[in-house]
Amino acid sequence: MNVTVAIDAGETPQSASEAGPAPKRIVVAYGFWIFLLSDIVMFSALFAGYAVLRHATAGGPNGAELFNLGRVAIETACLLASSYTCGLMALAVNSRRRLATYVTALLTFALGAAFLALEIREFADMIAHGASPQRSAFLSAFFALVGCHGLHVAAGLIWIVVMMAQVASKGFRPPVLRRLQCFSLFWHALDIIWVGLFTVVYLMGVAA
Amino acid sequence: MTTEHFDRAPGDQSMLTDNEEATSSGLLIYSIGMMLAVVLTAASFWVATTPLLWAPGIPLGLAVLAIAQMGVHVVFFLHITTGPDNTNNVLALAFGVLIVTLVVAGSLVIMANLNGSMMPPAELMDMQMKY
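This is a predicted model, so every value here is computed, not measured.

## So, the overall build of chain A
Turning to step 1, where the next piece is worked out: The helix and strand tally for chain A stands at eight helices and zero strands.
Turning to step 2, where the next piece is worked out: Taken across its 208 residues, chain A has 49% of its residues classed as buried.
Turning to step 3, where the next piece is worked out: Across chain A, contacts joining residues at least 24 apart in sequence account for 80% of those joining residues at least 6 apart.
Turning to step 4, where the next piece is worked out: Within the structure as shown, chain A displays about 9,100 Å² of accessible surface, and the carbon and sulfur contribution to it stands at 68%.

## A word on the environment of Ser44 of chain A
Residue and element names in this part refer to chain A.
Turning to step 1, where the next piece is worked out: Counting through the fold element by element, Ser44 comes out in helix 3 (residues 24-53).
Turning to step 2, where the next piece is worked out: The exposure class assigned to Ser44 is buried, which follows from its relative accessible area of 2%.
Turning to step 3, where the next piece is worked out: Each C-alpha atom, one on Ser44 and one on Leu145, is 9.4 Å from the other, the two residues being 101 residues apart in sequence.

## What to know about the nonpolar core
Turning to step 1, where the next piece is worked out: Ranked by internal contacts, the top residues of the largest apolar core, which has 72 residues, are Phe142, Leu180, Leu197 and Tyr202 of chain A.
Turning to step 2, where the next piece is worked out: For this core, the secondary structure elements donating two or more residues are helix 3, helix 5 (69-94), helix 6 (98-128), helix 7 (137-170) and helix 8 (174-207) of chain A together with helix 1 (22-49) and helix 2 (58-77) of chain B.
Turning to step 3, where the next piece is worked out: Leu80, Tyr84 and Ala90 of chain A together with Met34 of chain B belong to the second largest nonpolar core, which has eight residues in total.

## Quick notes on the packing of helix 7 of chain A against helix 8 of chain A
All names here are of chain A.
Turning to step 1, where the next piece is worked out: Across the interface, helix 7 lies against helix 8 with an axial gap of 10 Å and an inter-helix angle of 160°. As far as their axial angle goes, helix 8 and helix 7 are roughly antiparallel. Remark: the crossing between helix 7 and helix 8 carries left-handed chirality.
Turning to step 2, where the next piece is worked out: A per-class count over the contact of helix 7 with helix 8 returns 22 nonpolar, four polar and two charged.

## Some remarks on the packing of aromatic side chains
Residue and element names in this part refer to chain A.
Turning to step 1, where the next piece is worked out: Summed over the entire model, instances satisfying the criterion amount to 16 aromatic pairs over all chains.
Turning to step 2, where the next piece is worked out: Arranged with centres 5.4 Å apart and planes meeting at 45°, the rings of Phe32 and Phe35 form a pair that is tilted. One end of the pair is Phe32 and the other is Phe35, both in helix 3 and three residues apart, which spans about a single turn.
Turning to step 3, where the next piece is worked out: With a relative accessible area of 15%, Phe32 lands in the buried category.
Turning to step 4, where the next piece is worked out: You can call Phe35 partly exposed: its relative accessible area is 38%.
Turning to step 5, where the next piece is worked out: Taking the centre distance of 4.8 Å and the plane angle of 65° together, the rings of Phe67 and Tyr202 count as edge-to-face.

## Focus on the UniProt feature "transmembrane region" (unreviewed entry) in chain A
Residue and element names in this part refer to chain A.
Turning to step 1, where the next piece is worked out: Following the UniProt record, the feature "transmembrane region" (unreviewed entry) maps to residues 27-52, 72-92, 99-118, 138-164 and 185-205 here.
Turning to step 2, where the next piece is worked out: Across residues 99-118, the secondary structure splits into 100% helix and 0% strand, with the terminal C-alpha atoms separated by 29 Å.
Turning to step 3, where the next piece is worked out: Taken end to end, residues 185-205 has its terminal C-alpha atoms 29 Å apart, with 100% of it in helix and 0% in strand.

## A few points about helix 2 of chain B
Residues and elements named next belong to chain B.
Turning to step 1, where the next piece is worked out: Given a rise of 1.5 Å per residue, 20 residues ought to cover 28 Å, and the 27 Å separating the end C-alpha atoms of helix 2 matches this to within 8%.
Turning to step 2, where the next piece is worked out: Along helix 2, the residues classified as buried are Ile58, Leu62, Leu65, Ala66, Gln69, Val72, His73, Val74 and Phe77.
Turning to step 3, where the next piece is worked out: With its phi angle positive at about 55°, His79 sits one or two positions after the end of helix 2.

## A short note on unusual backbone geometry
All names here are of chain A.
Turning to step 1, where the next piece is worked out: The phi dihedral of Ala58 is positive, around 50°, even though this residue is not glycine.
Turning to step 2, where the next piece is worked out: Among the secondary structure elements, Ala58 is positioned in the loop between helix 3 and helix 4 (63-66).
Turning to step 3, where the next piece is worked out: Phi angles above zero are rare outside glycine, and Arg96 is one such case at about 60°.
Turning to step 4, where the next piece is worked out: Within the secondary structure, Arg96 sits in the loop between helix 5 and helix 6.

## Considering helix 3 (residues 87-116) of chain B
Turning to step 1, where the next piece is worked out: Look at helix 3 of chain B: 42 Å from first C-alpha to last across 30 residues, which is about the 44 Å you get at 1.5 Å a residue.
Turning to step 2, where the next piece is worked out: The set of residues buried in helix 3 of chain B consists of Asn89, Ala92 and Gly96 of chain B.

About the cut-offs
- Residues numbered from 1 in each chain as written.
- Chains lettered and ligands numbered in written order.
- Predicted model: local features only at pLDDT ≥ 70, side-chain atom pairs only at ≥ 80, totals over all residues.
- Heavy atoms only, no water.
- Helix = DSSP H or I, 4+ residues; strand = E, 2+ residues; numbered from the N terminus.
- Buried < 20%, exposed > 50% of the residue type's maximum accessible area, 1.4 Å probe, protein only.
- Contact = heavy atoms within 4.5 Å.
- Areas by Shrake-Rupley, 256 points an atom, 1.4 Å probe, with all protein chains shown as cover.
- Core = buried A, V, L, I, M, F, W, Y, C linked by side-chain atoms within 4.5 Å.
- Axes fitted to C-alpha atoms, helices over the stretch in contact; angles between N-to-C directions.
- Parallel < 35°, antiparallel > 145°, perpendicular 65-115°, else oblique.
- Left-handed = near helix turned anticlockwise from the far one by under 90°.
- Nonpolar A, V, L, I, M, F, W, Y, C, P; charged D, E, K, R; others polar.
- Phe/Tyr/Trp six-rings, centres within 6.5 Å; stacked < 30°, edge-to-face > 60°.
- UniProt positions renumbered as here; feature names shortened; annotations may be inferred.
- Expected span 1.5 Å × (residues − 1).

Written out as structure tokens, the structure is:
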């Protein structure tokens, strides 16, 4: 009996009470992960609203008439590439290379800004053609869902500028590293939401 | 006895992230994820625009491709894996997926049910009255 106890103590990983509190970076990233999941739950409500109201066009234009898949493909490419450069930025940060961090952050920002510019142009075109949010329930749901994602991207762009200023002025200190970690989680989560978005809104809207 | 056992933060690649040598394998992981994501995205756009496929099956195919791509993003970009140091992250993710499924599927089922049991429009009612 003593033998089994000794083996257990030696081989099983430490229990939470023995290991003590987790390091701060893990606690921070886990908390931010919970926030991101709750953000995704909020998006799921907007998705549900859009899916329910998809055919409520009130005689106005429907998705197949409004959406330009070529532009959506470019937007998708921009966001996917910026997610990739954000991953490269995380690698550069992990190995504490300052120049590589700036370059990849600049690429991430440029691609995200290109995405946002294309989306704003799309909204402006739709509103110019009379497809504004107040035209039909379908368009209200569309602008709420896609616009909310666009707002998140805009917030991410501001965030990355702030982070680069912090890296420049404070260097790779632990708090700055934790914020950079949260930023890359945020940016990858936005790309996951965009995958659902271009599938449900644009591709299914054009196909159906 | 003093095995370092910490939970892994979401977004961390492995316990060795602070190690300088981890960069090349990290680059490989991101590149594989990027390639898979590009292939799946291209497949989605092809499925949506091609006239070759059976039209009623297209939404289902698109949904499958989207879920696959989300999985690729979660594994290769967010580095959520099934490792023992990742249990907390996976459990939180599973809870999030549960809520998202309930909200979206529940809304669709309830609204379809309500639409189905709505009173037919006036002209249909008239026809029913006549006969």
